[in-house]
Amino acid sequence: MERVVLALLITVTFACTNEESDDSQNADNFDRSAMLVHWADDYIMPAYQDYQQKVVALNSSAQAFANAPSTVLHSTLHTDFVAAYKAWQWVSFLEIGPAEANTLRNFTNIYPTSAIEINQALPNASYNLSLPSTFNEQGFPALDYLLSGLGDPANTVSLFTSNSDYGAYLLALSQRLADMATQVVNDWQSSFRAEFIANTGSSATASTNKLINDFVFHLEKELRAGKVGIPAGVFSGNTLPQNVEAYYSDTLSRALFLESLLAHSAFYKGTGFKGLQSGSSLEQYLDYLNIEYQGEALSTKINARLETARLQATTLDDSFARVVQNSNSDLLSLYDELQKTVVLLKVDMMQALNVRVDYIDADGD
Amino acid sequence: MRYSLLLLSSISLGLVLFSSCEKEQNTPINNPTVTAPLQYSFERNGASTVNYSGQSQRLAMGNELSAALLDFGKSAPQLQEIFANADANGNNVDPYTDPVLNASTKSIRSKVAASYDLFSANTALSAQIKADLDSFILKQVSEVFSAQSAAAAAGQAGQIADGSSVRYVNSHGFEYNQFLIKSLIGALCTDQILNNYLSSAVLDEGANRINNNEAVLLEGTNYTNMEHKWDEAYGYLFGMAADGSDPLASLGNNDQFLNKYLARVNSDSDFSSYASDIFNAFKLGRAAIVAGEYDVRDEQIGIIKEKISNIIGIRSVYYLQSAKLAFAANEYGTAFHDLSEAYGFIYSLMFTQNPNTGQPYFTYNEVNNILSDLVNDGPNGFWDLEASTLDDLSNQIATRFSFSLNQAAN
């Protein structure tokens, strides 16, 4: 009991200290509007356009393969699949506006996919891919299963040749990805860009507040938990190697992780989509407010953490499933590094920017 | 502003803690004649005197019921058999996947709204409550199962996304499986613990005190009747623990009922002593029974009644407020799931007991008024709910308890 009281007194002391240190910070006159324009024009729209291009190409090669299955066309299809899946990593966290309205991420990248449900759906030809219960039967994880989960390329080709249900399902999936991407790009161009950059201010529904939440949520739930923590067994008693992203392609999970990490860094630092054009960023915002963390600029600290995570990941096997099986502690260290990044962003950065966290941990039931 | 609030709340919390420290010194909790053991473990002649197997079985049946309520292949009579462990004519059935449960004569339904204090002279109300719960099962099949492959909309039953999960709702956004399971937290667990096994009418029934003082054991057992009644109360909270003598080690991972939500409440920093407080009260009360120290026992009963009642109240408010946030973010599936859980917790409020009055914090009629407000903002139930209604109802509930709306909400 005394210990609890002591802890509270310490909390009170810290709270006082924090209040004083507020004075040394700049008042928040940061130009959020310029940041929104940079986000929209230098990152979001070019990233979506790139993604749309890649899934349209994927859809074309899926059509070619379904029409005349061959190992050559399978190889082309898989190459286009990888390119599109990587492009997806750049837009995955942008769950705002049209993507939010259509819950794009749920329909694009819920994994592990359900091989059982896919095989049940295949012969029906009446699948309704707009139902939430089909999240785990579509998108990239389901394509991954169809391309690499049915056997080696020769086996896959013979399955697609002997049973047209496979080709029909493949096309339904690739067409849906292309349609959804086109819809989002069109909505951004026709109306949502204007709405997005006009929604300045700092309320809970302002563009800045919403997108910062989306960004931090994604880093926490998708990059840290989905790609690393869940397969490493952080949230379960045992490891779950079959839950890595792109499980059936086997050697793709690390590349997708790194691509996603790169996208998060670019957004945070304001270097634009793949270095397209730099602009006003979260990093600059923190520096503008002169936010320090343990005697160092918070922005520098966050950069260092992101870079450490990247370096750690580059030393790992390119299959995270193999890492789980052979040296899971390496994946756990990567998780720990990402967790420290989450705390810096979710607690220190969001408090400094006066952005309230708008999500809570799901109940789990 | 944010820091000032933190400062204020920290100081006021500190004051509360200081005053509670002082209070503790004046109460006989530290009665030197009885001390709580480290674990819930009691022996006589070298053998354990603890037994709550009937409670463990009912909780295990409840876990099977919870899973079956989302098994679209099940018919209403099949679900009803899992609930009642009997067919419509009362004949024995084997509805469980676990053969131990099929061999059992216990059932969930027979212990719904069946406490001595509230229902021994109010069988009409008990029957009404059982009928309420039966109706949740029937409607889960007739309204929700039948619309498995439809997309839910206002006035249309079907499925709806809650994040990356799928929820199955009726045309008003109701998840009847949540209605039922959360209602059982009150109608089964809380009612049996607070209003039955920890009731003086049950613990001190007949010659229980004399027999307990003189260690007269129930025939064929190693425990007195009073010891056993206490253990049965304990079993409705901790009966599925991996190690029943050390239940906090696996808290929250054991069943879908009160245990799980004690863990949830305990993980809120405003209530972080709940699990240890309740566990300690159960241990000390049991030790007091062994020592024949009934005043100490009754003090522990007061603690348990207050804290378990608070769990029901806290989760009612928590889910109403969570739903408000979800509506604000246009996340209807998330909101409906929160509201469906809230519905069951609110239903459970009628089984709480205020230790100061001996009465439930809310009566059946008061609960039904709240639930009626919750589903009647418009023609389509949860689809039409307004934030102001959620705040009104949250406040109505929180004001009866010692916690604040804000403490419960996060």
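Structure: see above.
Here the structure is a predicted model, which is why all the values come from computation and not from measurement.

What counts, and at which threshold
Residues numbered from 1 in each chain as written. Chains lettered and ligands numbered in written order. Predicted model: local features only at pLDDT ≥ 70, side-chain atom pairs only at ≥ 80, totals over all residues. Heavy atoms only, no water. Helix = DSSP H or I, 4+ residues; strand = E, 2+ residues; numbered from the N terminus. Rg over C-alpha atoms; globule rule 2.2 N^0.38 Å. Buried < 20%, exposed > 50% of the residue type's maximum accessible area, 1.4 Å probe, protein only. Areas by Shrake-Rupley, 256 points an atom, 1.4 Å probe, with all protein chains shown as cover. Lys, Arg positive; Asp, Glu negative; His and termini not counted. Charge placed at Lys NZ, Arg CZ, Asp CG, Glu CD. Phe/Tyr/Trp six-rings, centres within 6.5 Å; stacked < 30°, edge-to-face > 60°.

Novice: I'm lost on the overall build of chain B in this one. Help?
Specialist: Scanning chain B from terminus to terminus reveals 17 helices and four strands. On C-alpha atoms alone, chain B measures out to a radius of gyration of 22 Å, which is about the 22 Å that the 2.2 N^0.38 rule sets for 410 residues. For chain B, the C-alpha atoms occupy an extent of roughly 65 × 65 × 35 Å along the three principal directions. Split into buried and exposed, the 410 residues of chain B put 53% on the buried side. Taken as a whole, chain B presents about 16,500 Å² of accessible surface, with 49% of it coming from carbon and sulfur. The average position of the 24 basic charges and that of the 44 acidic charges among the side chains of chain B differ by 1 Å.

Novice: Could you clarify how one ought to interpret the packing of aromatic side chains in this entry?
Specialist: All names here are of chain A. For the coordinates displayed, the defined rule picks out 65 aromatic pairs over all chains. Arranged with centres 6.5 Å apart and planes meeting at 40°, the rings of Y48 and W188 form a pair that is tilted. Of this pair, Y48 sits in helix α2 (residues 32-67) while W188 sits in helix α9 (residues 164-198), and the two are 140 residues apart along the sequence. For W188, a relative accessible area of 1% translates into the label buried.

Novice: Just to check I follow, could you spell out unusual backbone geometry for this structure?
Specialist: Glycine aside, negative phi is the norm for most residues, and most peptide bonds take the trans geometry. For the peptide bond that leads from Y111(A) to P112(A), omega is 0°, which places it in the cis range. The topology assignment puts P112(A) in the loop between α5 (104-108) and α6 (115-121). Notably, K274(A) is not glycine yet its phi reads approximately 50°, a positive angle. For K274(A), the position within the fold is in the loop between α11 (253-269) and α12 (282-288). Taking the relative accessible area as the measure of exposure, K274(A) reaches 46% and is therefore partly exposed. Here the phi dihedral of A215(B) falls at roughly 55°; this positive angle occurs in a residue that is not glycine. Tracing the backbone shows A215(B) in the loop between α9 (208-213) and α10 (225-238).

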